[in-house]
Number of protein chains: 2
Amino acid sequence: MTDLQDAMANTAAAVTRQLDSLLPRVAGPRGRVVDAMRYACLGGGKRMRPFLVVATARLFDVRDPRALRVAAAVEMVHCYSLVHDDLPAMDDSELRRGQPTVHKQYDTPTAILAGDGLLTEAFAVLAHPDTHSDPGVRAELTAGLAQAAGSNGMVGGQMIDISRERNDLDLDGVSELQSLKTGALIDYACQAGAILGGASRDAREALRAYAADLGLAFQVADDLLDAEGDAAQLGKPTGRDAEAEKATFLSLLGRKKARAKADSLTSSAMRHLEMFGEKADLLRQMARFVVERES
Amino acid sequence: MTDLQDAMANTAAAVTRQLDSLLPRVAGPRGRVVDAMRYACLGGGKRMRPFLVVATARLFDVRDPRALRVAAAVEMVHCYSLVHDDLPAMDDSELRRGQPTVHKQYDTPTAILAGDGLLTEAFAVLAHPDTHSDPGVRAELTAGLAQAAGSNGMVGGQMIDISRERNDLDLDGVSELQSLKTGALIDYACQAGAILGGASRDAREALRAYAADLGLAFQVADDLLDAEGDAAQLGKPTGRDAEAEKATFLSLLGRKKARAKADSLTSSAMRHLEMFGEKADLLRQMARFVVERES
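What counts and how
- Residues numbered from 1 in each chain as written.
- Chains lettered and ligands numbered in written order.
- Predicted model: local features only at pLDDT ≥ 70, side-chain atom pairs only at ≥ 80, totals over all residues.
- Helix = DSSP H or I, 4+ residues; strand = E, 2+ residues; numbered from the N terminus.
- Rg over C-alpha atoms; globule rule 2.2 N^0.38 Å.
- Buried ≥ 20, exposed ≤ 12 C-beta atoms within 10 Å, placed from the backbone.
- Contact = placed C-beta atoms within 7 Å.
- Least-squares fit on C-alpha atoms with pLDDT ≥ 70 in both.
- Expected span 1.5 Å × (residues − 1).
- pLDDT = per-residue confidence, 0-100.
- Core = buried A, V, L, I, M, F, W, Y, C linked by C-beta atoms within 7 Å.
- Axes fitted to C-alpha atoms, helices over the stretch in contact; angles between N-to-C directions.
- Parallel < 35°, antiparallel > 145°, perpendicular 65-115°, else oblique.
- Left-handed = near helix turned anticlockwise from the far one by under 90°.
- Nonpolar A, V, L, I, M, F, W, Y, C, P; charged D, E, K, R; others polar.

Points about the overall build of chain A
Along chain A, the regular secondary structure elements total 15 helices and two strands. Taking 19 Å as the expected radius of gyration for a compact globule of 295 residues, we find that chain A reaches 18 Å, a close match to that expectation. Counting only C-alpha atoms, chain A reaches 50 × 50 × 35 Å along its principal axes. Taken across its 295 residues, chain A has 54% of its residues classed as buried. In chain A, of all internal contacts separated by at least 6 residues, the share reaching a separation of at least 24 is 71%.

Structure below.
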């Protein structure tokens with residue numbers, strides 16, 4: 001196992017424990033939505049966004065336990081977006097991480113509510129005094145997550161992704177879609193560590209630039225995986241972009257240029273980390289990981 | 001026009017202007033979800049919850065402009081819940097306030113996203129420095145709204161409302177459903193004014209007790225309106241509770257006892273306002289209004 005794999009596995013286990021304790025089961029008919037919320041976010045995944053929160057927080061000597069509540073909130077928002085994106089009226093996906101999606105395991109109304117519940121709970125976690133003693137930090141964390149998740153972020157990106165114009169997007173359009181739908185939360189995950197650590201403006205700008213390259217590299221690699229990856233390893237069907245005739249980095253650039261773009265974004269992401277020295281080694285490895293991963 | 005009607009109309013107009021400016025249109029395919037969010041919350045309604053925010057804030061000499069951002073955030077959450085409750089997979093409603101529901105006017109995926117966007121935007125508004133200069137106030141406002149909206153509040157209430165057990169609820173069950181699905185946000189609306197105004201613990205307790213009676217009275221009246229009201233005036237079909245064989249305050253208590261319960265809750269709500277003297281007159285009128293309204 002590489003250092004990164006080791007660190008990611010540790011953070012994934014810690015954030016899963018955190019999510020488990022933040023979402024206690026309740027009795028009665030209301031318990032069903034809590035069970036579905038737990039199902040949506042305790043079932044594994046790479047926990048890349050939580051890892052980014054923890055790893056950037058470490059740059060500013062913020063200890064992991066303090067970062068983990070924020071990491072869990074970010075993961076709740078990520079998981080809510082998957083639950084709603086998977087709905088029959090949206091992407092109509094039956095499998096996620098090799099398991100039935102929430103609406104297959106429960107039903108569609110429960111999945112809608114579970115998504116709503118996770119999105120809401122993320123803000124409850126951030127605003128709670130346990131997250132940070134300084135309410136200014138809590139308010140900034142909340143405002144940033146709302147910005148990343150809303151119509152200027154993930155919701156806006158998903159709207160583009162299901163729009164009639166979707167298949168005819170050019171490279172700028174696909175880039176905008178990516179920066180909203182997946183880039184905004186990756187950016188926030190990196191900023192959250194900096195907010196927790198009271199980072200300088202320079203450090204925040206560097207992390208913003210790192211996150212932009214990382215997020216874009218992640219998406220280019222995702223497009224390549226959809227075309228070339230192994231469905232069993234990915235835990236979901238492949239070839240869906242081409243089947244739906246979606247404009248993607250792959251369809252617009254071709255395989256060779258898309259791969260080169262991913263590699264060049266990786267190098268660029270790493271260069272933005274110079275000011276942090278060795279402390280940022282895991283974040284550098286992450287930039288390579290997102291383009292070399294097989295799932 | 002009574003003082004209350006006049007005050008409610010003024011607040012409704014002001015909160016609509018506030019919502020309009022908080023949700024600016026955007027160009028491109030992403031604009032569709034913003035249009036749907038605007039459609040969902042600019043189309044009128046009594047704006048009862050925003051009025052409660054403004055009216056309780058006045059008890060503590062908080063000026064209306066300061067309360068209106070919070071009032072708009074509360075209305076966004078109310079409207080998001082209507083959009084998601086109306087979805088085909090939920091209540092499958094075609095009309096709301098006499099107009100097509102969001103999924104009828106747009107489509108189901110856009111309605112899901114518009115609800116998600118409104119819920120998220122509410123937190124963005126509360127956490128923004130323009131809402132209050134003290135970040136401690138902003139964090140408390142955020143935490144309270146998340147609590148009211150999540151699985152311990154509205155989401156939990158809606159889960160019960162669509163559960164298999166729904167039609168067999170007893171009086172305690174119907175009361176719990178009400179306190180989560182509609183009571184929690186009414187409670188929050190009254191607390192928000194107190195949070196903005198730095199109210200004493202006693203004042204907050206009094207408003208909590210007022211809101212509990214008011215919310216319950218509102219629901220009992222709602223059950224009566226569904227059975228006895230005028231569909232044209234309500235802007236939605238009537239008789240749906242009985243048709244669906246739902247347990248309601250009306251079905252469990254009968255018409256006479258339900259009406260008496262509503263009246264006794266009104267009196268009780270008013271009594272909780274004693275410490276505020278004349279300043280609370282509009283809130284007293286509100287307690288009468290919720291049981292005497294015809295829509």
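Observations regarding the relation of the copies chain A and chain B
Turning chain A through 180° and shifting it by 0.0 Å along the axis lays it on chain B, with an RMSD of 0.0 Å. A rotation of that kind, with that shift, is consistent with a two-fold axis. Of the interface residues in chain A, 100% have counterparts in chain B that sit at the interface too, so the contact is made through matching surfaces.

Quick look at unusual backbone geometry
Of note in the backbone geometry, Asp 92 of chain A takes a positive phi value of approximately 55° without being a glycine. Counting through the fold element by element, Asp 92 of chain A comes out in the loop between helix H4 (64–85) and strand E1 (95–96). Owing to 11 C-beta atoms within 10 Å, Asp 92 of chain A belongs among the exposed residues under this scheme. At Asp 61 of chain B, a position not held by glycine, the phi torsion is positive, near 60°. Looking at the element boundaries, Asp 61 of chain B is found in the loop between helix H3 (48–59) and helix H4 (64–85).

Looking at the environment of Gly 117 of chain B
All names here are of chain B. Assignment of secondary structure puts Gly 117 in helix H6 (residues 108–127). Classification of Gly 117 as buried rests on a count of 30 C-beta atoms within 10 Å. When the C-alpha atoms of Gly 117 and Met 37 are compared, they prove to be 7.1 Å apart, with 80 residues separating the residues in sequence.

Details of the interface of chain A and chain B
Each partner contributes to the interface: chain A provides 42 residues, whereas chain B provides 42 residues. Mapped onto the side of chain A that touches chain B, the elements with two or more residues apiece are helix H2 (31–42), helix H6 (108–127), helix H7 (135–149) and helix H8 (154–161) of chain A. A per-element tally of the side of chain A that touches chain B places H6 of chain A first, with 12 residues.

With respect to the environment of Asn 152 of chain A
With respect to the secondary-structure elements, Asn 152 of chain A resides in the loop between H7 and H8. For Asn 152 of chain A and Leu 180 of chain A, which are 28 residues apart along the polypeptide, the C-alpha to C-alpha distance reads 6.9 Å.

Structural notes on helix H3 (residues 48–59) of chain A
All names here are of chain A. With 12 residues, H3 extends 17 Å between its outermost C-alpha atoms, agreeing within 8% with the 16 Å of an ideal straight helix rising 1.5 Å per residue. With 12 of its 12 residues buried, H3 lies for the most part within the structure. Those residues of H3 that fall on the buried side of the exposure criterion are Met 48, Arg 49, Pro 50, Phe 51, Leu 52, Val 53, Val 54, Ala 55, Thr 56, Ala 57, Arg 58 and Leu 59. Residues of H3 that are buried make contact with helix H1 (3–22), H4, helix H9 (171–196), helix H10 (201–228) and helix H15 (281–292). Taken from the residues just after H3, Asp 61 is the one with a positive phi, measuring 60°.

Focus: the confidence of the model for chain A
Summary statistics for chain A give a mean pLDDT of 94 and a share of 100% for residues scoring 70 or more. Both confidence scores are given for the complex: pTM 0.96, ipTM 0.96.

Some points on the nonpolar core
Ala 217 of chain A together with Ala 217 of chain B are the most contacted members of the largest nonpolar core, which totals 200 residues. Apart from the residues within four sequence positions on either side, Ala 217 of chain A is in contact with Ala 262, Leu 265, Thr 266, Ala 269, Ala 287, Val 290 and Val 291 of chain A.

Some words on the packing of H4 of chain B against H6 of chain B
Residue and element names in this part refer to chain B. Between H4 and H6, the shortest axis-to-axis distance is 8 Å and the interhelical angle comes to 160°. When the axis of H4 is compared with that of H6, the two are roughly antiparallel. With respect to the hand of their crossing, H4 and H6 are arranged in left-handed fashion. Residues Arg 69, Val 70, Ala 72, Ala 73, Met 76, Val 77, Cys 79, Tyr 80, Val 83 and His 84 of H4 lie in contact with H6, whose contacting residues are Ala 111, Ala 114, Gly 115, Leu 118, Leu 119, Glu 121, Ala 122, Val 125 and Leu 126. Residues that form the contact of H4 with H6 fall into these classes: 15 nonpolar, two polar and two charged.

Here we look at H4 of chain B
Taking 1.5 Å per residue, 22 residues should reach 32 Å; H4 of chain B reaches 30 Å between its end C-alpha atoms and fits that length. Of all 22 residues in H4 of chain B, 18 are buried; the element is thus mostly enclosed.

With respect to the packing of H6 of chain B against helix H7 (residues 135–149) of chain B
All names here are of chain B. Here H6 crosses H7 at 160°, and the two axes come no closer than 8 Å. Compared by their axis directions, H6 and H7 come out roughly antiparallel. As H6 runs across H7, the sense of the crossing is right-handed. Residues Ala 122, Phe 123, Leu 126 and Ala 127 of H6 pack against Arg 138, Leu 141, Thr 142 and Leu 145 of H7. Residue classes in the contact of H6 with H7 are distributed as six nonpolar, one polar and one charged.

Details of the environment of Met 90 of chain B
Mapped onto the secondary structure, Met 90 of chain B falls in the loop between H4 and strand E1 (95–96). Residue classification places Met 90 of chain B among the partly exposed residues on the basis of 18 C-beta atoms within 10 Å. Contacts of Met 90 of chain B, omitting those with residues within four sequence positions, involve Pro 109 and Ile 112 of chain A together with His 84, Asp 85 and Ile 162 of chain B.

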